[in-house]
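# Fold and geometry: a report
The lines below spell out each chain.
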Amino acid sequence: GAVVSQHPSWVICKSGTSVKIECRSLDFQATTMFWYRQFPKQSLMLMATSNEGSKATYEQGVEKDKFLINHASLTLSTLTVTSAHPEDSSFYICSAFRGTKETQYFGPGTRLLVL
Amino acid sequence: AQSVAQPEDQVNVAEGNPLTVKCTYSVSGNPYLFWYVQYPNRGLQFLLKYITGDNLVKGSYGFEAEFNKSQTSFHLKKPSALVSDSALYFCAVRDRASGSARQLTFGSGTQLTVLP
């Protein structure tokens, strides 16, 4: 069964609004979670590494003020897309390590459409 | 630096025939290798991994992959394809020495279509 959940599964918003996406690890603690972005028919692009209790580590070219990450607990990380614009429309996926920390498990993804 | 190449954007195979999805990698040290599958509008599902030991790794849904160190390859295989196997497949690598970074690098993906 699923070990990582995301909410919402899809969201449509107006340009200029902010959108929060939640990523939860189910029945395990995740000190580290990852946020990815995927464009249609393309691979996953790592946006940032979310660390429980500390600041996220952002990949080069990802605006940290645009994509706010909060890892408030060992089972929850949130990604907030601030002042969203149509170019932010994408598929956002989170992941976490479970158990021996060799394998990443991915959430089902969140489809964001900014009008 | 670590990288993954999936040389085929698209693979078509007839149902019941064997399938192969190719993957080659590059890491400075020893690799952890993974295969994931993605269905439309869904997240990635873990299929199998190579960490150490036997070079032939068996995973979910009848898939297997063979680690070949000399060719730096980790091709995904299945003896008899099903229409339901049609999906987007990603190969990923992580350098075993990456420590706390633990970031996966993904290939560009291969769209597998199994024809009935």
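Please refer to the structure placed before this passage.
Residues numbered from 1 in each chain as written. Chains lettered and ligands numbered in written order. Predicted model: local features only at pLDDT ≥ 70, side-chain atom pairs only at ≥ 80, totals over all residues. Heavy atoms only, no water.

For the rest of this paragraph, the subject is the sheet that holds strand S3 (residues 19-25) of chain A. Residue and element names in this part refer to chain A. One open sheet accounts for 4 strands, arranged S1-S3-S8-S7; its pairing is antiparallel. Edge positions in the open sheet fall to strand S1 (4-7) and strand S7 (67-73), since each of these has one partner strand only. Here the strands of the sheet are splayed against their neighbours by 20° on average, with no regard to which way each runs. Strand direction decides the pairing type here: S3 and strand S8 (residues 76-81), joined by 6 bridges, are antiparallel. Residue isoleucine 21 lies in a different strand from S8, and its bridge partner there is leucine 79. (Pairing = 2+ DSSP bridges. Helix = DSSP H or I, 4+ residues; strand = E, 2+ residues; numbered from the N terminus. Axes fitted to C-alpha atoms, helices over the stretch in contact; angles between N-to-C directions.)

Residue and element names in this part refer to chain A. Residues Val19, Ile21, Cys23 and Ser25 of S3 are buried on one face, while the alternating residues Lys20, Glu22 and Arg24, pointing to the opposite face, are not. Bridging between S1 and S3 involves 4 bridges; their strand directions are antiparallel. Note on S3: the bridge partner recorded for serine 5 is arginine 24. (Buried < 20%, exposed > 50% of the residue type's maximum accessible area, 1.4 Å probe, protein only.)

Moving on, we come to the pairing of strand S5 (residues 31-38) of chain B. Residue and element names in this part refer to chain B. Burial runs high along S5: 8 of the 8 residues are buried. Side chains Pro31, Leu33, Trp35 and Val37 of S5 all project onto a buried face; the interleaved residues Tyr32, Phe34, Tyr36 and Gln38 project onto the opposite face, where all are buried too. Across 8 bridges, the pairing between S5 and strand S10 (residues 87-95) is antiparallel. Across the sheet, the residue bridging to phenylalanine 34 is alanine 92, located in S10. In this structure, S5 lies alongside strand S6 (residues 44-50), joined through 6 bridges in antiparallel fashion. Looking across to S6, one finds that glutamine 38 is bridged to leucine 44. The loop that links S5 with its antiparallel partner S6 comprises 5 residues; one of these, asparagine 41, has a positive phi angle of about 60°.

What follows is about the interface of chain A and chain B. Counting residues at the interface gives 24 residues for chain A and 21 residues for chain B. Contact between chain A and chain B buries roughly 1700 Å² in total, counting both sides, with carbon and sulfur atoms accounting for 50%. It is Ser43(A), Glu102(A) and Phe106(A) that lose the most area in chain A upon contact with chain B, and together they represent 29% of the buried surface on that side. The interface formed by chain A and chain B includes 0 salt bridges. Joining chain A to chain B, the criterion identifies 4 residue pairs in polar contact (both at pLDDT 80 or more). Within the residue set of the side of chain A that touches chain B, elements represented by two or more residues are strand S4 (32-38), strand S5 (44-51), strand S9 (90-97) and strand S10 (104-106) of chain A. Along the lines of polarity and charge, the residues of the side of chain A that touches chain B split into 10 nonpolar, 10 polar and 4 charged. (Contact = heavy atoms within 4.5 Å. Buried area = accessible area lost by both parts, 1.4 Å probe. Salt bridge = Lys/Arg side-chain N within 4 Å of Asp/Glu carboxyl O. Polar contact = N/O pair within 3.5 Å; in protein donor to acceptor, adjacent residues only side chain to side chain. Nonpolar A, V, L, I, M, F, W, Y, C, P; charged D, E, K, R; others polar.)

Within the structure shown, the criterion is met by 14 aromatic pairs over all chains. Pairing Phe67(A) with Tyr92(A) gives two aromatic rings, centres 6.3 Å apart and planes at 45°, and the pair type is tilted. Taken together, the positions of Phe67(A) in strand S7 and Tyr92(A) in strand S9 put the pair 25 residues apart, joining distant regions of the chain. The same class applies to Phe67(A) and to Tyr92(A), which are both buried. Taken together, Tyr36(A), Tyr105(A), Phe106(A), Phe34(B), Tyr36(B), Phe46(B), Phe90(B) and Phe106(B) form an aromatic cluster joined through their ring pairs. (Phe/Tyr/Trp six-rings, centres within 6.5 Å; stacked < 30°, edge-to-face > 60°.)

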